[in-house]
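Structural features, examined
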Amino acid sequence: QYSPDSVAGADGEIDPTEVTFPGCSCRRSSCAVPRCPCLRRGENYSSSLRLRLAEQPEQRFSRPVFECNSLCRCGDGCQNRLVQRGLRLRLQVFRTERKGWGVRALEPIPGGSFVCEYAGEVLGSAEAHRRMRAQTAQEPNYIIAVREHLHDGRVMETFVDPTYVGNVGRFLNHSCEPNLFMVPVRVDSMVPKLALFAAADISAGEELSYDYSGRFRNLPGTSREHEPLEEENRLRKPCYCGSSMCASFLPWDSSLFSTP
């Protein structure tokens, strides 16, 4: 079932449409720092409605984004409303030579532009682990686990499964040298939209991809992926991205297949 936005999972534990954030009291069409509390929470968009790409390669983590929400007084014209407007680019799902389905751009995409959301069922931890353990090694795995490292040392996890309900994002392939990167974007609550942005200028016809381990803007040490044991290699799927930096296998984290 196609859905442009994430929905509550079958376990009913998390409702991504619930509004729990207060709205800002800005009374003009475009909020500004430092007055707008939404903009003070995280990264901001540029005046051209693009995410500012990190200029410091040693920056340990990408910062989250908080958009103005349905309770804000600023109105629909506010430039701090981007991901919530949904897909605006022309994309095409196509059959690749070795990787199954893929997605390519049908128009040029400037670096920093929002491309699409990775939408699906938002699951609680127990249901996400149950579904992953129920899969066979031959089945495609669409469930994504996003870990956010908070300033106080806690780790927040979000599980999204587009296997049964999702959007075009489920067809994006992994690459060890991707042209997209994922950023959690929050609008109405702490449940984030998993937004994919262009890491650089992308040409029309170019296949879109991101690193399933989330490493594009993060150092390798930020991932919990470990060097797999020999017996785990039997469960890993080969990577066909074709990059000169290809790791030969898709990212692997055995903790996702254990009891939470």
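Residues numbered from 1 in each chain as written. Predicted model: local features only at pLDDT ≥ 70, side-chain atom pairs only at ≥ 80, totals over all residues. Heavy atoms only, no water.

Here's the deal with the overall build of the chain
Formally: Secondary structure elements follow DSSP: runs of H or I no shorter than four residues count as helices, runs of E no shorter than two count as strands, and numbering proceeds from the N terminus. In this scheme, a residue with accessible area under 20% of its type's maximum is buried, one over 50% is exposed, and one in between is partly exposed, where area comes from a 1.4 Å probe on protein chains only. Residues are treated as being in contact if the distance between any of their heavy atoms lies within 4.5 Å. Under the convention used here, a 1.4 Å probe and the Shrake-Rupley method define accessible areas, while residue burial counts only the protein chains that appear.
A count of helices and strands for the chain gives three helices and 12 strands. Counting only residues that meet the buried cut, the chain has 43% of its 260 residues in that class. Long-range contacts, defined here as pairs at least 24 residues apart, represent 69% of the contacts in the chain between residues at least 6 apart. Accessible surface, the chain as shown: approximately 13700 Å² in total, 49% of it carbon and sulfur.

Looking at the pattern of salt bridges
A side chain with one charge may pair with a side chain of the opposite charge, provided their charged atoms come close. Short version of the rule: When a carboxyl oxygen of Asp or Glu is within 4 Å of a side-chain nitrogen of Lys or Arg, the pair counts as a salt bridge.
Across all of its chains, the model carries 10 salt bridges by this definition. Between Lys193 and Glu117 there is a salt bridge whose closest N-O contact spans 3.7 Å. Taken as a pair, Lys193 in strand E11 (residues 193-198) and Glu117 in strand E5 (residues 114-117) lie far apart in primary sequence, 76 residues in all. Here Lys193 falls in the buried class, since its relative accessible area comes to 17%. A residue is classified by how much of its surface remains accessible, and Glu117, at 5% relative accessible area, is buried. A cluster of three or more residues bridged by salt bridges with shared partners is formed by Glu121, Glu127, Arg130, Arg131 and Asp161.

A word on the packing of aromatic side chains
The condition that has to hold: Note on aromatic pairs: the rings of Phe, Tyr and Trp (six-membered ring only in Trp) are paired at centre separations within 6.5 Å, and the planes decide the class, stacked below 30 degrees, edge-to-face beyond 60, tilted for the rest.
Tallying each qualifying case throughout the model produces six aromatic pairs. Residues Tyr210 and Tyr212 carry aromatic rings whose centres are separated by 5.1 Å and whose planes lie at 55° to one another, so their mutual orientation is tilted.

Some points on the pairing of strand E8 (residues 155-161)
To be explicit about the condition: Two strands pair under a simple rule: DSSP has to find at least two bridges between them.
As paired elements, strand E6 (residues 121-123) and E8 share three bridges and run antiparallel to each other. When the sheet's bridge partners are listed, Leu123 is paired in E8 with Phe159.

Thoughts on the environment of Phe249
By secondary structure assignment, the location of Phe249 is in the segment after helix H3 (230-233). In sequence terms Phe249 and Cys239 are 10 residues apart; their C-alpha atoms lie 4.6 Å from each other.

Concerning the sheet that holds strand E1 (residues 7-8)
The four strands are arranged E1-E6-E8-E7 in an open sheet whose pairing can be described as mixed. Pairing within the sheet leaves two strands with one partner each, and these edge strands are E1 and strand E7 (144-149). With two bridges joining them, E1 and E6 adopt parallel strand pairing. Residue pairing for E6: Ala8 is matched across the bridge by Val122.

Let's talk about the sheet that holds strand E4 (residues 101-105)
Taken in spatial order, the four strands make up an open sheet running E3-E4-E12-E9, and their pairing is mixed. The outermost strands of the open sheet, each flanked by one partner alone, are strand E3 (91-95) and strand E9 (173-174). Pairing of E3 with E4, which is carried by five bridges, proceeds in the antiparallel orientation. Residue Phe94 lies in a different strand from E4, and its bridge partner there is Gly102.

With respect to the nonpolar core
Here is the rule we go by: Note on terminology: a nonpolar core comprises buried Ala, Val, Leu, Ile, Met, Phe, Trp, Tyr and Cys residues joined through side-chain atoms within 4.5 Å.
Counting residues in hydrophobic clusters, the biggest one holds 22 residues, and the most contacted among them are Ile109, Val115 and Leu208. Within the residue set of this core, elements represented by two or more residues are E4, E5, E7, strand E10 (180-186), E11 and strand E12 (207-210). The element best represented in this core is E11, accounting for three residues. Core analysis: the second largest hydrophobic core is formed by 12 residues, Tyr45, Leu51, Val65 and Val183 among them.

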